[in-house]
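The primary structure of each chain is shown beneath.
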Amino acid sequence: MFGLFKKKTELEKLQDSYKSLLEKAHKASHQDRTLSDKLMAEAEEVAKKIDLLKK
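### With respect to the nonpolar core
For step 1, the next point in the chain: L14, L21, A25, A28, L39, A43, V46 and I50 together form the largest nonpolar core, which totals eight residues.
For step 2, the next point in the chain: With sequence-adjacent residues up to four places away left out, A43 is seen in contact with Y18, L21 and L22.

As C-alpha cells, then:
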C-alpha cells in the first residue's frame, strides 16, 4: 500500500529494461536470430549502464 506511489529509481528502471530485453531476445531467438542478436546487444548496453550506476 505504501509503495503504491513510490517512484522507481534510475537503477530499478534500467534493471526492468534489461530483464525485458532479455525476455524479448529469448522469444525472438526461436524465429529471428538477427533480431535476437540486436536485442542482446541492447541488453548489454543497459547492463553496462547498470554497472556504472552501481559504482
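### Examining the pattern of salt bridges
For step 1, the next point in the chain: As enumerated under the stated definition, the model contains three salt bridges in all.
For step 2, the next point in the chain: Between D16 and K8 there is a salt bridge whose closest N-O contact spans 2.4 Å.
For step 3, the next point in the chain: Taking relative accessible area as the criterion, K8 reaches 48% and is therefore assigned partly exposed.
For step 4, the next point in the chain: For D37, the salt bridge goes to R33, with nearest N and O atoms at 3.5 Å. On the criterion of helical spacing, the pair formed by D37 and R33 is a turn pair, its members being four residues apart in helix α2 (residues 33–54).
For step 5, the next point in the chain: A relative accessible area of 53% means that R33 is categorised as exposed.

### Side note on α2
For step 1, the next point in the chain: The first and last C-alpha atoms of α2 sit 31 Å apart over 22 residues, in line with the 32 Å expected at 1.5 Å per residue.
For step 2, the next point in the chain: Every buried residue of α2 is accounted for by S36, L39, A43, V46, A47 and I50. Summarising the axial view, the buried residues of α2 lie within an arc of 110°, below the 170-degree limit, and thus occupy one face. For α2, exposure combined with an orientation more than 90 degrees from the buried face picks out T34, K38 and L52.
For step 3, the next point in the chain: On the buried face of α2, the contacting elements are α1 (10–28).

Conventions adopted
- Residues numbered from 1 in each chain as written.
- Predicted model: local features only at pLDDT ≥ 70, side-chain atom pairs only at ≥ 80, totals over all residues.
- Heavy atoms only, no water.
- Core = buried A, V, L, I, M, F, W, Y, C linked by side-chain atoms within 4.5 Å.
- Buried < 20%, exposed > 50% of the residue type's maximum accessible area, 1.4 Å probe, protein only.
- Contact = heavy atoms within 4.5 Å.
- Salt bridge = Lys/Arg side-chain N within 4 Å of Asp/Glu carboxyl O.
- Helix = DSSP H or I, 4+ residues; strand = E, 2+ residues; numbered from the N terminus.
- Expected span 1.5 Å × (residues − 1).
- Arc of directions from axis to C-beta.

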